[in-house]
Amino acid sequence: MPAAPPPEDVELRFPANGAYVAILRTVTAGLAARCQLTVDEIEDLRIAVDEASALLLPHALPGSALTASFNLEVGRIAFVAAVPAEPGAEPDRGGFAWTVMRALADDVLVSTQGGVLSIALTKRRTTD
Amino acid sequence: MSLHDAPGEDPAVLRARAAHLFVDLRELPEQDATRRQLRDRLVELHLPLVEYLARRFTGRNEPLPDLVQVGVIGLLKSIDRFDPDRGLEFSTYATPTILGEIKRHFRDAGWLLHVPRRAQELQASLTRARDELSQQLHRAPTVAELAARLTVPEDEVIEALDVARAYAGVPLEVLTEREGTPIDSPLLSEVDEALERVEQRAVLRPAIDALTDREREVLLLRFIVGKSQTEIADIIGVSQMQVSRLVARSLARLRTELAPAATRPARDRAPRGPAA
């Protein structure tokens, strides 16, 4: 790899509504391709992002927005999805969505701060 | 595509039951006949997980039961390899293996290759539909109108327009940036201007389309999927030497396709040996 260029940020905001998740998936795939993840890793990340959205959307306050932030570098993509939620809201850790997301992302971090519930995921390229 | 896809069974109950079964399974001697029953029970318990995962891949011309069947192979492998002492939840352990089998199924069925080609086919009919609809409507059609005309889902139209392009955008970057040493070709050498890169990509695409299926497959596996020559040899069932020759030949053909006759370099250097 050449001298690594500095990471780049992409941020998206859209209504906290399941209808937009397909667009988020498409954007995710495009960005992951830029990070030179393998086709399999792109597929994993698309599913993980899907599950993260499914876990957050039930908690989003009515009429609020989901913010999706990406931090991109060659061989690694970091994703954070955040929605405004009631204090103490927690994603359902008992279902398949959680299991699948945790299995497919390299790191998962849930946080609730200042009325915002967020899930952060990282996906790295594992082969050279 | 949401939480509602989850089956009726409470996952916590499922997990507890699976944990018990794994402990029982471990305590039985290799030859014990009840091992098989326990294994079957574990498969049955996790079938909803396999179905949940398989459903993520529908809409690609593969019937769900086939995908589930392939997923179950991954489930069986996971059951045999799982070590309950490692403190990992079985479903977390099994998910990548099940998905791996499903993805391999698509790969073996040539899905990886068909993405560009399918997008290409769809693109041709898209262009036609776009022209026809523009004439009828006296304006450019919407994605919904195109989808209705072509009887494909809207997602697929968008995918054909965007994602296929994003995937196709990868090869050039990989080819030019790999290990910081551009491949020895004046046309594939490092490009600084983003604009030039866009132009090169546009030039590279038809060149890639002009390759044979086998050549394209080898380049995809080598430079996009990142497989080593040996791994590719296993996948397509030829010797590593043949893979090496195929990679060299495909790159050479790309160069020939790309170089206008007048500017084609006199010396045709061999491509850099892959790092495998």
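See the structure shown above.
Every value quoted in this text rests on a predicted model; they were computed, and no experiment measured them. (Residues numbered from 1 in each chain as written. Chains lettered and ligands numbered in written order. Predicted model: local features only at pLDDT ≥ 70, side-chain atom pairs only at ≥ 80, totals over all residues. Heavy atoms only, no water.)

**Considering the overall build of chain B**
In step 1: Of the regular secondary structure elements, chain B holds twelve helices and zero strands.
In step 2: Each helix and strand of chain B, ordered N terminal to C terminal, gives the series α-α-α-α-α-α-α-α-α-α-α-α.
In step 3: By residue count, 39% of the 276 residues in chain B fall in the buried class.
In step 4: Pairs at least 24 apart in sequence give 60% of the contacts found in chain B among residues at least 6 apart.
In step 5: Surface accessibility of chain B: about 15100 Å² in total, with carbon and sulfur atoms responsible for 51%. (Helix = DSSP H or I, 4+ residues; strand = E, 2+ residues; numbered from the N terminus. Buried < 20%, exposed > 50% of the residue type's maximum accessible area, 1.4 Å probe, protein only. Contact = heavy atoms within 4.5 Å. Areas by Shrake-Rupley, 256 points an atom, 1.4 Å probe, with all protein chains shown as cover.)

**Observations concerning helix 2 (residues 34-55) of chain B**
Residue and element names in this part refer to chain B.
In step 1: Taking 1.5 Å of rise per residue, 22 residues should cover 32 Å, and helix 2 covers 32 Å from first to last C-alpha, within 8% of that figure.
In step 2: The sharpest bend along helix 2 reaches about 45 degrees and sits at His 46, with the proline Pro 48 one to four residues further on.
In step 3: Buried residues of helix 2: Leu 38, Leu 42, Val 43, Leu 45, His 46, Pro 48, Leu 49, Val 50, Tyr 52, Leu 53 and Ala 54, and no others. (Expected span 1.5 Å × (residues − 1). Bend = angle between axes of the 7 residues up to and from the residue.)

**Remarks on the pattern of salt bridges**
In step 1: One pass over the full model with this rule turns up 19 salt bridges over all chains.
In step 2: The partner of B:Asp40 in a salt bridge is B:Arg36, and the shortest N-O contact between them spans 4.0 Å. Here B:Arg36 and B:Asp40 lie together in helix 2, a separation of four residues that amounts to about one turn.
In step 3: On the accessibility criterion, B:Asp40 (39% relative accessible area) is partly exposed.
In step 4: Of the residues examined, B:Arg36 reaches a relative accessible area of 59% and is grouped as exposed.
In step 5: Sharing partners across several salt bridges, the network here consists of A:Arg25, A:Asp50, A:Glu51 and B:Arg56. (Salt bridge = Lys/Arg side-chain N within 4 Å of Asp/Glu carboxyl O.)

**Notes on helix 2 (residues 39-56) of chain A**
In step 1: With 18 residues, helix 2 of chain A extends 26 Å between its outermost C-alpha atoms, agreeing within 8% with the 26 Å of an ideal straight helix rising 1.5 Å per residue.
In step 2: The buried count for helix 2 of chain A comes to 17 of 18 residues, which makes it a mostly enclosed element.

**Focus on the side chain of B:His46**
Residues and elements named next belong to chain B.
In step 1: With respect to the helices, strands and loops of the structure, His 46 is situated in helix 2.
In step 2: On the accessibility criterion, His 46 (2% relative accessible area) is buried.
In step 3: In contact with His 46, other than residues within four places in its own chain, are Leu 14, Ala 18, Leu 75 and Phe 90.

**Some details on the packing of helix 2 of chain A against helix 3 (residues 96-104) of chain A**
All names here are of chain A.
In step 1: Direction vectors running N to C along helix 2 and helix 3 enclose 145 degrees, while the axes themselves pass 9 Å from each other. Where helix 2 crosses over helix 3, the handedness of that crossing is left-handed. Along its contact with helix 2, which presents Asp 44, Ile 47, Ala 48, Glu 51, Ala 52 and Leu 55, the element helix 3 presents Ala 97, Trp 98, Val 100, Met 101 and Leu 104. (Axes fitted to C-alpha atoms, helices over the stretch in contact; angles between N-to-C directions. Left-handed = near helix turned anticlockwise from the far one by under 90°.)

**Digging into the packing of helix 1 (residues 11-27) of chain B against helix 2 of chain B**
Residues and elements named next belong to chain B.
In step 1: Two elements in contact, helix 1 and helix 2, have axes separated by 10 Å at closest approach and are oriented at 160 degrees. Overall, the two elements helix 1 and helix 2 adopt an arrangement that is roughly antiparallel. Helix 2 is crossed by helix 1, and the crossing has left-handed handedness. Contacts from Leu 14, Arg 17, Ala 18, Leu 21, Phe 22, Asp 24 and Leu 25 in helix 1 reach Arg 35, Leu 38, Arg 41, Leu 42, Leu 45 and His 46 in helix 2.
In step 2: Looking at the contact of helix 1 with helix 2 residue by residue, the class counts come to eight nonpolar, one polar and four charged. (Parallel < 35°, antiparallel > 145°, perpendicular 65-115°, else oblique. Nonpolar A, V, L, I, M, F, W, Y, C, P; charged D, E, K, R; others polar.)

**So, unusual backbone geometry**
Residues and elements named next belong to chain B.
In step 1: With a phi angle near 60 degrees, His 138 is a residue other than glycine that sits in the positive phi range.
In step 2: As for its placement among the helices and strands, His 138 is situated in the loop between helix 5 (111-137) and helix 6 (143-150).
In step 3: Classification of His 138 by relative accessible area gives exposed; the value is 70%.
In step 4: A positive phi angle, close to 50 degrees, is found at Thr 151, a residue other than glycine.
In step 5: Here Thr 151 is to be found in the loop between helix 6 and helix 7 (154-168).
In step 6: Since its relative accessible area comes to 69%, Thr 151 is described here as exposed.

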